[in-house]
Amino acid sequence: MSAKNMDRQGRWRSVTVAFRVSPEEDALIESAVKISGCTKQDYIIKKLMDQSVVVQGNPKVYRGLKLEMQQVLMELKRIGSGEDVNRDLLDRIDLITSVMGGMKDAKDG
């Protein structure tokens with residue numbers, strides 16, 4: 001069992017919430033978590049509470065983006081001619097693009 005911890009308001013996080021997802025949904029969640037720089041718990045809580053997930057560029061985010069882009073590239077090479085591009089891959093590319101675009105905007109602004 002994992003240790004209890006406190007949230008930013010000093011409340012104990014002592015309740016466990018669990019739900020099932022498909023392997024494809026899990027892969028998309030993992031991708032989003034890797035490039036967000038957040039923990040999986042913090043990422044899911046922010047999304048469920050309809051809060052913005054603000055990505056701060058750091059080495060962890062850079063590594064996550066690099067790994068995700070490598071996986072996308074491998075999948076695109078496998079596909080070849082562009083046929084049979086599934087929705088999950090397009091969603092992953094869209095996520096990477098929006099994070100990288102946001103990082104560029106923050107740098108320029």
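For the structure itself, look to the data block above.
Remember, it's a predicted structure, so these values are computed and weren't measured experimentally.

(A) Here's a closer look at the overall build of the protein chain. Each helix and strand counted, the protein chain has four helices and two strands in total. Out of the 109 residues in the protein chain, the part that is buried amounts to 17%. For the protein chain, contacts bridging at least 24 residues in sequence account for 51% of all contacts bridging at least 6. As displayed, the protein chain has an accessible area near 8600 Å², and 55% of this comes from carbon and sulfur atoms.

(B) Highlighting the pattern of salt bridges. For the structure shown, the criterion picks out seven salt bridges. Among the salt bridges present, the one from Arg13 reaches Asp42, with a minimum N-O distance of 3.1 Å. Of this pair, Arg13 sits in strand E2 (residues 12-13) while Asp42 is found in helix H2 (residues 40-48), placing the two residues 29 residues apart along the sequence. Measuring nitrogen to oxygen at the nearest pair gives 3.1 Å for the salt bridge that ties Arg87 to Asp91. On the criterion of helical spacing, the pair formed by Arg87 and Asp91 is a turn pair, its members being four residues apart in helix H4 (residues 87-108).

(C) View of the nonpolar core. Formed by Ile35, Val61, Leu65, Val72, Ile79, Leu89, Ile96 and Val99, the largest nonpolar core amounts to eight residues. Those elements that provide at least two residues to this core are helix H3 (59-79) and H4. Looking at this core, the element that brings in the most residues is H3, giving four residues. Excluding its chain neighbours within four sequence positions, the residues that come into contact with Leu89 are Val72, Glu75, Leu76 and Ile79.

(D) Seen up close, the environment of Leu65. Relative to the helices and strands, Leu65 resides in helix H3. Distance from Leu65 to Ile35, taken between C-alpha atoms, is 5.4 Å for residues 30 residues apart in sequence. Sequence-distant contacts of Leu65, that is, excluding residues within four places in its chain, are made with Ile35, Ile96, Val99, Met100 and Met103.

Rules behind the numbers
- The residue numbers shown here count from 1 along each chain, following its written sequence.
- At least 70 in pLDDT is required for a residue's local features to be given in this predicted model, at least 80 for side-chain atom pairs to be given and counted, and no such filter applies to totals for whole chains, interfaces and linings, which use all residues.
- Each side-chain value is worked out from all heavy atoms of the structure, with water and hydrogens disregarded.
- Strands are runs of DSSP state E lasting at least 2 residues, helices are runs of H or I lasting at least 4, and numbering of each runs from the N terminus.
- When accessible area is computed with a 1.4 Å probe and restricted to protein chains, residues below 20% of their type maximum are described as buried, those above 50% as exposed, and intermediate ones as partly exposed.
- For this analysis, residues touch if any pair of their heavy atoms sits within 4.5 Å.
- Using a 1.4 Å probe, accessible areas were evaluated by the Shrake-Rupley method; residue-level cover was limited to the displayed protein chains.
- Each salt bridge in this description consists of a side-chain nitrogen of Lys or Arg and a carboxyl oxygen of Asp or Glu lying within 4 Å of one another.
- Remark: nonpolar core denotes a set of buried residues (Ala, Val, Leu, Ile, Met, Phe, Trp, Tyr, Cys) joined through side-chain atoms within 4.5 Å.

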